[in-house]
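Each chain is listed here by its residues.
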Amino acid sequence: MTSIEELCKEHTSLMDEDIRQICDLSRKLRMIADLSQAHVFIDCPVKNGPHAVVVAEASPSTGSSLYRKSVVGQWAYEMYEPAVARTHQTGEPTVRNRAITQEGKTVKQSVVPVKNDRGEIIGSLIMEQDISLQLRHENQLRALSHTTEQLSQTLMGMAEQGSLIPDLIQEALFLVDREGRIDYANTQALNLLAGGESQDIPVDDQLEFLRDLDYQSHEVHYEEVRWRKKTLGVKSISLRKENRRIGTLLMIRDVTELREKERQLMVKSTVIKEIHHRVKNNLQMIASLLRLQMRRAPSKEVKSIFQESLNRILSIASVHEIFSSTGLDEVEILDMMKKIGSMLVVNGRPDKEIEIAFTGKPIILPSDKAVSLALVVNELIQNSVEHAFVDRKYGRIGVHIESLGYEVRVRIWDDGYGLPSKRNEEASLGLQIVRTLAEQDLSGSFSAFPTPEGTEAIVQFPLEEG
């Protein structure tokens, strides 16, 4: 990048002490940019003409830059940078609320002169702030103002002509003037009024719940209130004509049934959460009883059978633990398999160093499928932990889950001793459980086969019943 000194000597008539002053100022640009949250430049006047050259720039370290490319070394022509040219000519600061950058962005631009010890102008410090979002909000407000004015004219016309269209709207529709008196009310609105419509009495006196709503001080306002054992949603829109408020459109809707359904859903969610919590506690209690019984087992073989049953119970408990924490009747199965796999490796063979890894993307399953899959994963990982590394101290197990459109595939592999014989597989309760769950409960398939590294098992099933 061309240095400030080289740019100044090539394009400007600045003396060496002036160039050093510009260089000293450039070292503070990043701090100035961070403090002002603006893109900051130093421009110096060129030798001939009213133009300038950009010799330094900095953008805030906490935000994105206004410019895709550096503008250092580019000329700031008077036609495109009139504020910079004016400051260089007059020595006065210039503030422009609107300016267009060389890349077409709208910014607020401030320019202050940089002077030497003799009071001569040797450059300018420019700050540019992106105001695109501000402009967007201004345009939206302008469009809203135009829309409300059109709405006012339309509604006033309907009221005068006695149009039937508002009577087809589900909301109670009131058109009130600046003093709150009713100019128009549709059929639903009239049903709200206890003694029928009275145009001489403000709507707030006829519907007392409106007194607590500060709707007249807002352009658009929505609030829900309780009134006569009902929940009403009240929306107000300020109506304007020629930028002057002429009244308010009130739309009132009975949302009692909707809120009651939401309340029932919340109660149902709480009940489901409590049920899963109690199931989890009951399963953990059974697991504790099994541990006590396992300690009294007379042989390792009996203890092994107890441990397998214990793992199955704890795997189901893990699913219900997730349900009880979320309050939902569905579970993210990658997280579920991590809980089960980690538990099996820790509890299974403390005399071995077994590494287990989980890969794939999160997939959501309903409770019935999640419990069945939990048992499948439990049996397959437990089988690897118990039998794949018989004469080895180290071993690796991998679990991968993937979505295949409308199906889910779970792959579990190890680098152990391969598959048992067909006879041993038929005698294995764990593999029988896996095949039954995969084919009947999950409506899918189960397969296991040897690989060059060890053994791999695949369970594949549809996300929804076909």
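Residues numbered from 1 in each chain as written. Predicted model: local features only at pLDDT ≥ 70, side-chain atom pairs only at ≥ 80, totals over all residues. Heavy atoms only, no water.

**Q** Account for the overall build of the chain, naming residues and giving values.
**A** Within the chain, the regular secondary structure consists of 13 helices and 18 strands. Here the chain holds 466 residues, and the buried ones make up 42% of them. A fraction of 55% describes how many contacts in the chain between residues 6 or more apart in sequence connect residues 24 or more apart. By element, 52% of the accessible surface of the chain is carried by carbon and sulfur atoms, the whole surface being about 26300 Å². (Helix = DSSP H or I, 4+ residues; strand = E, 2+ residues; numbered from the N terminus. Buried < 20%, exposed > 50% of the residue type's maximum accessible area, 1.4 Å probe, protein only. Contact = heavy atoms within 4.5 Å. Areas by Shrake-Rupley, 256 points an atom, 1.4 Å probe, with all protein chains shown as cover.)

**Q** Please set out the nonpolar core residue by residue, giving values where relevant.
**A** Ranked by size, the top nonpolar core spans 50 residues in total, and within it Ile-333, Met-336, Met-337, Leu-373 and Leu-380 carry the most contacts. With ten residues, the top contributor of residues to this core is helix 11 (residues 367-387). The next biggest cluster of nonpolar side chains, apart from the first, holds 21 residues, and it includes Leu-25, Val-55, Val-114 and Ile-122. (Core = buried A, V, L, I, M, F, W, Y, C linked by side-chain atoms within 4.5 Å.)

**Q** Could you give me a rundown of the pattern of salt bridges, with the residues and numbers involved?
**A** All chains considered together, the criterion is met by 16 salt bridges. The partner of Arg-392 in a salt bridge is Asp-415, and the shortest N-O contact between them spans 3.6 Å. Here Arg-392 is found in the loop between helix 11 and strand 15 (394-404), whereas its partner Asp-415 is found in the loop between strand 16 (407-414) and helix 12 (422-427), with 23 residues between them in sequence. In this structure Arg-392 comes out as partly exposed when scored by relative accessible area, which is 28%. Through salt bridges with shared partners, a single ionic network connects Glu-17, Asp-18, Arg-118 and Glu-120. (Salt bridge = Lys/Arg side-chain N within 4 Å of Asp/Glu carboxyl O.)

**Q** Requested: an account of the sheet that holds strand 15, with residues and values cited.
**A** An order of 13-15-16-18-17 is seen for the five strands of this open sheet, with the pairing classed as mixed. Sheet topology places strand 13 (353-360) and strand 17 (445-450) at the edges, where each strand pairs with a single neighbour. Sheet twist, expressed as the mean angle between neighbouring strand axes with direction ignored, is 15 degrees. Where strand 13 lies against strand 15, eight bridges are found, and the strand directions are parallel. Within strand 15, the residue paired with Glu-353 across the bridge is Tyr-394. Of the strands in this sheet, strand 17 and strand 18 (455-462) touch helix 13 (residues 429-441), which is tilted by about 140 degrees from strand 17. (Pairing = 2+ DSSP bridges. Axes fitted to C-alpha atoms, helices over the stretch in contact; angles between N-to-C directions.)

**Q** Outline helix 13, supporting the account with residue identities and numerical values.
**A** With 13 residues, helix 13 should reach 18 Å at 1.5 Å per residue; the first-to-last C-alpha distance of 17 Å fits that figure. All buried positions along helix 13 are accounted for by Gly-430, Leu-431, Val-434, Leu-437 and Ala-438. The arc that holds the buried residues of helix 13, viewed along the axis, is 130 degrees, so those residues lie on one side. (Expected span 1.5 Å × (residues − 1). Arc of directions from axis to C-beta.)

**Q** Please provide a residue-by-residue account of the sheet that holds strand 8 (residues 182-185), values included.
**A** On the basis of which strands lie adjacent, the open sheet formed by five strands has the order 8-7-11-10-9 and antiparallel pairing. Both edges of this open sheet fall to strand 8 and strand 9 (220-227), since each of them pairs with a single strand only. Each adjacent strand pair in this sheet contributes to an overall mean axis angle of 20 degrees, direction not counted. Inspection of the sheet shows strand 7 (residues 172-177) paired to strand 8 by three bridges, in the antiparallel sense.

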